[in-house]
Amino acid sequence: MKLQVPKGCRDFFPAEMAIRNWIVDRWQDVSVRNGFVEYDGPIFETLDLYRIKSGDEIVSQLFHFEDRGGREFAIRPEMTPTLARMVAARANSLSKPIKWYSRPRLCRAERPQRGRLREFFQWNIDILGEESEIADAECVFVAIDFFRSMGLTAEQVEIKLNSRAIVSSLLHSAEIADEQLPAVYAALDKRDKLSIEAFAEMIGELGLTEKQQDVLLHMGEAKGEDGFARVESLLAGNEAGTNHCRSLRRVFAILKSMGVEEYCTYDMGVVRGLAYYTGMVFEAFGKGGLKRAICGGGRYDRLVSDLGGPPMGGVGFATSDVVVQDVLAEFNLLPDLSSAGGFFVIDSDAERFDDVLTIVSALRNKGINAQFSYKRQGVNKQFKQATAMGAGRVVIIESDYVTSKAVSLKDMKSGKQVTINVEEWLKNPFCEVPE
């Protein structure tokens, strides 16, 4: 019987593991330099935690099970509910704002497709206990900071911003009832993924009037500065709507001050289908062939209190290693990590093997990657092994090492080689190798 990796999951052989670690390490670097601290939680949670956040329909999207006591659990599909539960438990003792990040392994029981698998790693950035537009803008900035760190320019990726509060004001102006809003939000969130005909058919099943359907058909057309200005004019007589527009204007102004406005644009089509978003929302999209969001998030102001904590505003976003790797590959930005670097120590005489072990140990004591051949074989075969293992430099111990106390040091990339006193070299193993 031939056993295969489960559908929608991945094996990480060393080459794939190197890319995964490279991406996940960049998540950590960006998080830390922007003032976030890391947290984590259990790999599974009570099923009710996800029902509270997303309703009973979420159950079909999860890997869930009952324990021996009949209690319902689910392998975590996201981290925001865990975050909210943890913050709710210690809300009074946590200093504000709470700036946390995580890099968990997650699972979702859905159909695998490009940019989306059943098992993946996710980067989560959240700020809680701060309700100002500064927190909203900082979340967007952190996402852009990551994109820039990966070499993605404003010509390759863009952030589309909107506000659920603005959308809500427009829908209320169209006299759409509150009980219809969840279905309307879900439909609007799918608008860009459907043809006009399919979208019209979808909203035609929501029990709306023809005028209300016409409003929905045109809402997603408001884009860029001109589109935002039209929305502002539509809400000119609506005090709440005008205030929400002013708030989003403030977010754009802060992003301009932070020097990232070239990445950002307004797009009414971004509404985020999840029910808990209450304010600014955003999604990042590559400008190539990958037709899906790279990351997404927004402001949520009720989730912590829904889980038994005090009223506390929050804003955050998430992205996965799967979609990040896809967009980087599309723009040829994935690094070549095939070379492990470090040193490979060779003995030209089998009697010098103890000296190989001594030098390897000395390098490793300095925290340097150092390897050697297990087999006593010719220099050429050891060189082939060093090349296969991606060594950056080779150290050759000649047969006269006992009297010379010198080694030959070869840079595998440039081909340069020099003979140097072993004690002097060990003081600076990465010294320049001259012609």
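To keep things clear, this report deals only with the structure shown in the data block. (Residues numbered from 1 in each chain as written. Predicted model: local features only at pLDDT ≥ 70, side-chain atom pairs only at ≥ 80, totals over all residues. Heavy atoms only, no water.)

Considering the overall build of the protein
Across its full length, the protein holds 16 helices and 17 strands. Scaling as 2.2 N^0.38, a compact globule of 435 residues should have a C-alpha radius of gyration of about 22 Å, whereas the protein reaches 28 Å, well beyond that. Principal-axis analysis of the C-alpha atoms gives the protein an extent of 95 × 55 × 50 Å. Out of the 435 residues in the protein, the part that is buried amounts to 48%. In the protein, once contacts between residues fewer than 6 apart in sequence are set aside, the share between residues at least 24 apart is 67%. Accessible area of the protein: about 21,600 Å², with a carbon and sulfur share of 50%. Taken together, the 54 basic and 62 acidic charged side chains of the protein have centroids lying 4 Å from each other. (Helix = DSSP H or I, 4+ residues; strand = E, 2+ residues; numbered from the N terminus. Rg over C-alpha atoms; globule rule 2.2 N^0.38 Å. Buried < 20%, exposed > 50% of the residue type's maximum accessible area, 1.4 Å probe, protein only. Contact = heavy atoms within 4.5 Å. Areas by Shrake-Rupley, 256 points an atom, 1.4 Å probe, with all protein chains shown as cover. Lys, Arg positive; Asp, Glu negative; His and termini not counted. Charge placed at Lys NZ, Arg CZ, Asp CG, Glu CD.)

Concerning the pairing of strand 10 (residues 280–286)
Sheet faces and side chains relate simply in a regular strand, where the side chains alternate between the two faces. Across the seven residues of strand 10, seven count as buried, placing the element largely inside the fold. Residues Met280, Phe282, Ala284 and Gly286 point to one face of strand 10 and Val281, Glu283 and Phe285 to the other, with burial holding for every one of them. With seven bridges joining them, strand 8 (residues 157–163) and strand 10 adopt antiparallel strand pairing. Counted as the bridge partner of Glu158 is Phe285 from strand 10. The sheet contact formed by strand 10 and strand 11 (residues 293–300) spans five bridges and is antiparallel. Bridge pairing in strand 11 links Glu283 to Gly296. In this structure, the hairpin formed by strand 10 and strand 11 is closed by a connection of six residues. (Pairing = 2+ DSSP bridges.)

Quick look at unusual backbone geometry
Residues other than glycine predominantly adopt negative phi, and peptide bonds predominantly adopt the trans conformation. Here Lys96 and Pro97 are connected by a cis peptide whose omega angle stands at -5 degrees. Here Pro97 lies in the loop between helix 3 (80–89) and strand 5 (98–102). Look at Glu175: it is not a glycine, yet its phi comes out positive at around 60 degrees. Note that Glu175 resides in the loop between helix 5 (164–173) and helix 6 (181–189). We classify Glu175 as exposed; its relative accessible area is 67%. Phi is positive for Lys405, close to 50 degrees, though the residue is something other than glycine. In this structure, Lys405 sits in the loop between helix 15 (401–404) and strand 16 (406–411). Given the relative accessible area of 40%, Lys405 is considered partly exposed.

Some thoughts on the sheet that holds strand 4 (residues 72–75)
Spatially, three strands are ordered 2-4-3 in an open sheet, and the strand pairing comes out antiparallel. In the strand order of this sheet, the two ends are held by strand 2 (44–46) and strand 3 (64–66), each with one partner. Going across the sheet, the axis of each strand differs from the next one's by a mean of 35 degrees, ignoring polarity. As judged from the three bridges shared by strand 2 and strand 4, these two strands associate in the antiparallel manner. Note that in strand 4 the partner of Glu45 across the bridge is Ala74. Packing of helix 2 (residues 47–54) onto the sheet brings it into contact with strand 2, strand 3 and strand 4, and relative to strand 2 it is tilted by some 70 degrees. (Axes fitted to C-alpha atoms, helices over the stretch in contact; angles between N-to-C directions.)

Remarks on the nonpolar core
Among the nonpolar cores identified, the biggest contains 73 residues, and Phe147, Leu161 and Ile166 are the most heavily contacted of them. Take this core: its biggest share by element is 10 residues, from helix 4 (residues 133–149). With 22 residues, the next largest nonpolar core counts Ile98, Val270, Tyr277 and Leu303 among its residues. (Core = buried A, V, L, I, M, F, W, Y, C linked by side-chain atoms within 4.5 Å.)

Structural notes on a nonpolar patch on the surface
Residues Ile43, Phe44 and Phe65 make up a contiguous nonpolar surface patch of about 250 Å² in total accessible area. By the element assignment, Ile43 lies in the loop between strand 1 (37–38) and strand 2. (Patch = residues over 30% accessible without salt bridge, like charges linked within 9 Å, V, L, I, M, F, W, Y side chains within 5 Å. Salt bridge = Lys/Arg side-chain N within 4 Å of Asp/Glu carboxyl O.)

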